[in-house]
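Observations on chain architecture
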Amino acid sequence: QVQLVESGGGVVPTGGSLRLSCAASGRTFTMAWFRQSPGKEREFVAAITRAATNSKYADSVKGRFTLRKDNLKNTLGLHMNSLKAEDTGVYYCASTRTWAELRENPNDYTYWGQGTQVIVSS
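Let me begin by describing the structure that accompanies this report. None of the values given here were measured: they were computed from a predicted structure.

Criteria and thresholds
- Residues numbered from 1 in each chain as written.
- Predicted model: local features only at pLDDT ≥ 70, side-chain atom pairs only at ≥ 80, totals over all residues.
- Heavy atoms only, no water.
- Salt bridge = Lys/Arg side-chain N within 4 Å of Asp/Glu carboxyl O.
- Helix = DSSP H or I, 4+ residues; strand = E, 2+ residues; numbered from the N terminus.
- Buried < 20%, exposed > 50% of the residue type's maximum accessible area, 1.4 Å probe, protein only.
- Contact = heavy atoms within 4.5 Å.

**Comments concerning the pattern of salt bridges**
Per the stated rule, a full pass over the model turns up six salt bridges. Arg35 is the salt-bridge partner of Asp87, the closest N and O atoms lying 2.8 Å from each other. Separated by 52 residues along the polypeptide, Asp87 in the loop between strand S8 (75–80) and strand S9 (89–95) and Arg35 in strand S4 (residues 31–36) bring together distant segments of the chain. Taken individually, Asp87 and Arg35 each receive the classification buried, so the pair is uniform in this respect.

Structure below.
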């Protein structure tokens with residue numbers, strides 16, 4: 001069984017930076033960050049393969065967000081820069097149950113954390 005615990009959320013001004021972390025217990029495979037705002041569907045942010053050889057970012061965050069995977073510590077970081085109001089939401093860490101290509105559909109992920117709130121204030 002895999003457990004994922006996110007941390008690092010908070011309130012940050014527009015243009016600021018924030019670092020999220022996802023601590024995993026158990027064996028993870030392809031991992032990803034998603035986010036969800038009130039009234040909206042869960043949205044793909046970024047994903048990375050188990051060996052961290054390949055990664056993928058949503059167009060809306062490309063060039064601003066960076067994934068950092070540490071397989072020794074079993075953590076996945078999301079470094080967010082140049083934050084915008086539209087980045088506000090609850091950020092979730094997720095993992096597939098087995099080997100998988102980079103996926104953007106949340107239904108392809110089996111394990112989820114509880115989420116951490118990010119608020120970008122203008």
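**Section: the environment of Pro106**
By the secondary structure assignment, Pro106 is in the loop between S9 and strand S10 (111–112). Look at Pro106 and you get partly exposed, because its relative accessible area is 22%. Taking the C-alpha atoms as reference points, Pro106 and Arg68, separated by 38 residues in sequence, lie 20 Å from one another. The contacts of Pro106, once residues within four sequence positions are left out, are Phe34, Arg42 and Trp112.

Everything listed here is a matter of coordinates, which is why it stays silent on function.
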